[in-house]
Amino acid sequence: MSLVLPGEQVPAQHVNLKLGPGLLQLSTVNGQAAIVSTRAGEVKHSANGKKWWIEGNSRRYVPAPQESVIGVVVARSGENWRVDIGSAHMATLDGLAFEGATKRNRPNLKVGSLLYARVSLAHKDMEPELECFNAQTRKAEGFGELKGGFLVSCSLKMCRLLLDPQHFLFPLLGSRFPLETAVGINGRVWINCKEPRQTIAVARCIEAVDPDGGGLDEIALKKFFGTLDV
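The shown structure was predicted, so the numbers you read here are calculated from the model rather than taken from an experiment.

Engineer: How would you explain the pairing of strand β4 (residues 33–37) if you had to name every residue and give the values?
Structural biologist: Most of β4 is tucked away, with four of its five residues classed as buried. One ladder, built from five bridges, connects strand β3 (residues 23–27) with β4; its direction is antiparallel. Directly across from Ser27, in β4, lies its bridge partner Ala33.

Below, the structure is given as structure tokens:
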């Protein structure tokens, strides 16, 4: 485990390096790039070493490019929408940033609509921008409006855990009953089950496993699940 303070250099290296929250690339006097931390926390990176970030105990989401988030439409502004993603500033979503969208054919979003989107632009001095498709393929690939279901809030660390395909929670729940999920790195999880009691069970399990909540491991969760009315 490597802990850093703001301003400390981080040895992040990769041919296609992607920087996540808490890291910033600067140019040194000799012209070389240096990766420094902008917050205190633990240095983390993906298994292939391509993406690096700082895992802290921050409760407010700081947008970073290419991250998947769940947002709530709060207003319409001309041809765009204003979306709450839990960051310091509202995000902007272009009306054409959807698969197959044209000036005559675009989604009819309402205030309160839930969206699964990707951060396309993030800068400390600018409002973040979102898109609801893969910028390379122009296909939705799961992004877009989330209809029905239930939104659960949890810690940012819990969301990162759930985005790991090896994490035990969703496979365990999926073996008990069918469910749909979408995880935003911004501390929000969308769940959709056939019955309300199943939705409640999933929400309680997320809270129980969350490091900022119960912090249960797989064995403890199985015992906890047995006490639920599902």
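Now that the structure has been shown, we can carry on.
Engineer: I'd like a rundown of the environment of Gly71, residues and numbers included.
Structural biologist: Structurally, the position occupied by Gly71 is in strand β7 (residues 68–77). Among the residues examined, Gly71 registers a relative accessible area of 3% and is labelled buried. Through-space distance from the C-alpha of Gly71 to that of Glu141 is 17 Å; in sequence the pair is 70 residues apart. With sequence-adjacent residues up to four places away left out, Gly71 is seen in contact with Val83, Asp84, Ile85, Ser113, Leu114, Leu115 and Arg188.

Engineer: Before we move on, can you summarise the nonpolar core with the specific residues and values?
Structural biologist: Counting 27 residues, the largest nonpolar core has Leu93, Phe98 and Leu130 as the members making the most contacts within it. Among the elements of the structure, β7, β8 (80–84), β9 (91–98), β10 (114–123) and β11 (126–132) are those that each provide at least two residues to this core. The greatest single-element share of this core, amounting to five residues, is contributed by β10. With residues near it in sequence (within four places) discarded, Leu130 still touches Val69, Val83, Ile85, Ala91, Thr92, Leu93, Asp94, Ala97, Ala117, Arg118, Val119 and Ser120.

Engineer: Outline the sheet that holds strand β14 (residues 179–184), listing residues and values.
Structural biologist: Strands in a sheet are paired, the pairing made by backbone hydrogen bonds, and the direction either parallel or antiparallel. Spatial strand order, β13-β15-β14: three strands in an open sheet with antiparallel pairing. Looking at which strands have only one partner, the edges of the open sheet turn out to be β13 (150–153) and β14. Going across the sheet, the axis of each strand differs from the next one's by a mean of 20°, ignoring polarity. Summarising the sheet, β13 and strand β15 (residues 188–193) pair through four bridges and their orientation is antiparallel.

Engineer: Provide a residue-level description of the sheet that holds strand β1 (residues 3–4), including the pertinent values.
Structural biologist: Pairing in this open sheet of four strands is mixed, and the strands run β1-β5-β6-β2 from one edge to the other. Each of the sheet's edge strands pairs with one partner strand only, and the pair in question is β1 and β2 (18–19). Bridging between β1 and strand β5 (residues 41–45) involves two bridges; their strand directions are antiparallel. Across the sheet, Leu3 pairs through a bridge with Glu42, a residue of β5.

Engineer: Kindly report on the UniProt feature "domain: K Homology" (unreviewed entry) in the protein chain, identifying the contributing residues and their values.
Structural biologist: Taking the UniProt record as the reference, the feature "domain: K Homology" (unreviewed entry) is found at residues 149–196. Across residues 149–196, the secondary structure splits into 29% helix and 33% strand, with the terminal C-alpha atoms separated by 9 Å.

Parameters at a glance
Residues numbered from 1 in each chain as written. Predicted model: local features only at pLDDT ≥ 70, side-chain atom pairs only at ≥ 80, totals over all residues. Heavy atoms only, no water. Buried < 20%, exposed > 50% of the residue type's maximum accessible area, 1.4 Å probe, protein only. Helix = DSSP H or I, 4+ residues; strand = E, 2+ residues; numbered from the N terminus. Pairing = 2+ DSSP bridges. Contact = heavy atoms within 4.5 Å. Core = buried A, V, L, I, M, F, W, Y, C linked by side-chain atoms within 4.5 Å. Axes fitted to C-alpha atoms, helices over the stretch in contact; angles between N-to-C directions. UniProt positions renumbered as here; feature names shortened; annotations may be inferred.

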